[in-house]
Amino acid sequence: MALLPYGVVSRYDLSRDDVARLLAGQPSYRVTQVWDALYQRGDEPEEMTALPKGVRAELASAEEFGAALTPVVESVSDNGSTVKWLWSLADGARVETVLMHYPQRTTVCVSTQAGCAMACGFCATGQAGFERNLSVGEIVEQVVRAGRLARAGGRRLSNVVFMGMGEPLANYDRTWGAVQRLHDDVGLSARHITVSTVGVVPGIRRLAGEALPVNLAVSLHAANDSLRDSLVPLNRRYPLAVLLEACRVYLTAKGRRLSFEWALIDGVNDRPSDADELAELARPLGAHVNLIPLNPTPGFLTRGTPAAGVRAFRDRLVALRVNATVRRNRGAEIDAACGQLAAPSVSATVRPPSRLEDIGTRRV
Ligand code: SAH
């Protein structure tokens, strides 16, 4: 078998042909049985009961059929409706995944890189720096593992957002490979998949040429170049005019709703003039604005906008005919909230690995 990317071994990096090779000598329908067990149910080899015991045992001991993610900590908050995992990868790199249940949907937020090279100063992942890209399998496995837990609780995983650690469009091929797997094999519709970027323009343009129309979210945070240069270093390479033109190309090609993410930072990007500038950019694109009160991180001292200021900012945007909502702050007490992934956990308590209802963290 060909060497897997980065020497990573994940059963979710295997192609159907790879699985067929592993099952050499078996009837060909076994490939479909294994494939469905992996992508529809997230089965471990021992749980693939459609297979004879001997085949299960062979798969369980095959190195290529290993799992990429080893859970280190599983944290639960919001009365059980938010779960964050810290995973250790084969080479010891660590990434996080967050599962969020809402009344109408269940969303998983996945990482695409260990660390991040974009260096946004207010983001915990950016503060930690870049380690490496994840493989397709390492990304897909996060979704499958979260989907399995959701199902065990009687819920169906409905949405995937590429908003965890890393910059998805700086790891384009593997991110897109994962999108295709989620669509083709897990069975998620493209309109339930959202790719978030800090503004990697060539990546947005490539996305516009892909067949699957996923949702695009752009982490904007500032609507003029001098402020954005200071908050989002990548803006110096792809300034606002270039970024917004790529957004327009995406919209024209895909007809999907575009959203802008805006972490509200006290006294920095929450002034009436910031709302006015943002409205000027968002309105012509029909973009939806997602306001996120800045979550605290160890390396950024300015605080988030207080609640009254958040409401005032939203109201001003709405008065300017911009569709704007405030994102609920999920998982803040377990450092699972936006921009907090990789922040050292200060408040979560360690608990035994049995029940998942309350706030808690367990080492596994
Ligand atoms: N690199 C991609 C994917 C990560 S998404 C991107 O930036 O879009 C993570 C989201 O959380 C982004 O919108 C990011 O700007 C936002 N974010 C980062 N740090 C934050 C913080 N401290 N508080 C609130 N949101 C933050």
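Residues numbered from 1 in each chain as written. Predicted model: local features only at pLDDT ≥ 70, side-chain atom pairs only at ≥ 80, totals over all residues. Heavy atoms only, no water.

### Brief notes about unusual backbone geometry
Backbone geometry places aspartate 78, a non-glycine residue, at a positive phi of 50°. Along the polypeptide, aspartate 78 turns up in the loop between strand 1 (70-77) and strand 2 (82-88). The phi dihedral of histidine 221 is positive, around 65°, even though this residue is not glycine. Topologically, histidine 221 is positioned in the loop between strand 9 (215-219) and helix 8 (225-231). Its relative accessible area of 5% is what places histidine 221 among the buried residues. (Helix = DSSP H or I, 4+ residues; strand = E, 2+ residues; numbered from the N terminus. Buried < 20%, exposed > 50% of the residue type's maximum accessible area, 1.4 Å probe, protein only.)

### Let's talk about the site of the ligand
Among the 21 residues in the neighbourhood of the ligand, the closest are listed as Phe122, Ser196, Ser219, His221 and Asn295. In this structure, an oxygen atom belonging to the ligand sits 2.6 Å away from a side-chain N or O atom of serine 196. One of the backbone nitrogen or oxygen atoms of threonine 197 is found 3.4 Å away from an oxygen atom of the ligand. Taking 540 Å² as the accessible area of the ligand by itself, protein coverage stands at 95%. Of all the elements in the fold, those that place two or more residues in the shell around the ligand are strand 8 (193-197) and strand 10 (258-264). Among the residues making up the shell around the ligand, the classes are represented as ten nonpolar, nine polar and two charged. (Near = heavy atom within 4 Å. Polar contact = N/O pair within 3.5 Å; in protein donor to acceptor, adjacent residues only side chain to side chain. Areas by Shrake-Rupley, 256 points an atom, 1.4 Å probe, with all protein chains shown as cover. Nonpolar A, V, L, I, M, F, W, Y, C, P; charged D, E, K, R; others polar.)

### A closer look at the domain arrangement of the protein chain
As a measure of interface size, the accessible area lost when the parts come together is often cited. Partitioning the protein chain into structural domains gives domain 1 (11-65) and domain 2 (70-358). The centre of domain 1, based on its C-alpha atoms, is set 33 Å off from the matching centre of domain 2. Listed as interface residues are 13 residues of domain 1 and, on the opposing side, twelve residues of domain 2. In this assembly, domain 1 packs against domain 2 so that about 1000 Å² is buried in total across both faces, 42% of it on carbon and sulfur atoms. Ranking the residues of domain 1 by area buried against domain 2 places Tyr12, Asp13 and Tyr39 at the top, with a combined share of 51%. Counting across the domain 1 and domain 2 interface gives one salt bridge. We note a salt bridge from arginine 148 to glutamate 47, for which the minimum N-O separation is 2.8 Å. (Domains from an automatic or database assignment. Contact = heavy atoms within 4.5 Å. Buried area = accessible area lost by both parts, 1.4 Å probe. Salt bridge = Lys/Arg side-chain N within 4 Å of Asp/Glu carboxyl O.)

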